[in-house]
Amino acid sequence: MEAFDAYSHALAALVIFTLITLALSPFSALAKQKAGLAPGATPQQDYADKAYRLNRAYLNGCETLPAFLTVTLVAIVAGAAPFWVNLLASLAVVSRVIMIFIHLQGIGKPYSGPRSVFYVLGWACMAGLAILALAAVF
């Protein structure tokens, strides 16, 4: 679809973000099963527990994916500047990957650590995409 060629990086970012979230699902389920939890159960809120961190990484992806999809797709459909849409969408995915790595390794504190920094970076990229989308619509 030639109409969306200029947004190839942003479109790829949408697919990559989705694939990452989908990939975390079975790993989260297996970690919970290994911990003896019933399907759908939530591990005890203990940042030292790998099953908890894996489950939170998966759930955070599920919570964030709809917003990322919405602002990125609206920015593309509205014809926002491709350079900025591609850059912000790609940075959002990179920050998500780094955040997941930090989360799964248990690096830093549960609050205000390096994971939070990369979460805020991804959030800021999505806020930027939302602003681009609104500017393009109006």
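What counts and what doesn't
Residues numbered from 1 in each chain as written. Predicted model: local features only at pLDDT ≥ 70, side-chain atom pairs only at ≥ 80, totals over all residues. Heavy atoms only, no water. Axes fitted to C-alpha atoms, helices over the stretch in contact; angles between N-to-C directions. Helix = DSSP H or I, 4+ residues; strand = E, 2+ residues; numbered from the N terminus. Parallel < 35°, antiparallel > 145°, perpendicular 65-115°, else oblique. Left-handed = near helix turned anticlockwise from the far one by under 90°. Contact = heavy atoms within 4.5 Å. Nonpolar A, V, L, I, M, F, W, Y, C, P; charged D, E, K, R; others polar. Salt bridge = Lys/Arg side-chain N within 4 Å of Asp/Glu carboxyl O. Expected span 1.5 Å × (residues − 1). Buried < 20%, exposed > 50% of the residue type's maximum accessible area, 1.4 Å probe, protein only.

### Structural notes on the packing of helix α1 (residues 8-34) against helix α3 (residues 82-105)
Turning to step 1, where the next piece is worked out: The interhelical angle for the contact between α1 and α3, taken along N-to-C directions, is 20°, at an axis separation of 7 Å. Relative to α3, the element α1 is oriented roughly parallel. Crossing angle aside, the handedness with which α1 passes α3 is left-handed. Contacts between α1 and α3 involve S8, H9, A10, A13, I16, F17, I20 and L24 from the former and V85, N86, A89, S90, V93, R96, V97 and I100 from the latter.
Turning to step 2, where the next piece is worked out: In terms of residue class, the contact of α1 with α3 is built from 11 nonpolar, 4 polar and 1 charged.

### Description of the pattern of salt bridges
Turning to step 1, where the next piece is worked out: Applying the stated criterion across every chain yields a total of 1 salt bridge.
Turning to step 2, where the next piece is worked out: Here E63 and R56 are joined by a salt bridge, their closest N and O atoms 3.4 Å apart.

### Focus: α3
Turning to step 1, where the next piece is worked out: Taking 1.5 Å as the rise per residue, α3 with 24 residues should run 34 Å; its terminal C-alpha atoms sit 34 Å apart, in good agreement.
Turning to step 2, where the next piece is worked out: Listing the buried residues of α3 in full gives V85, N86, L88, A89, A92, V93, S95, R96, M99, I100, I102 and H103.
Turning to step 3, where the next piece is worked out: As for α3, its buried residues are in contact with α1, α2 (50-78) and α4 (114-137).
Turning to step 4, where the next piece is worked out: G106, located one to two residues past α3, shows a positive phi value of around 70°.

### Remarks on the environment of A23
Turning to step 1, where the next piece is worked out: As for its placement among the helices and strands, A23 is situated in helix α1.
Turning to step 2, where the next piece is worked out: Under the relative-accessibility criterion, A23 is labelled partly exposed at 38%.

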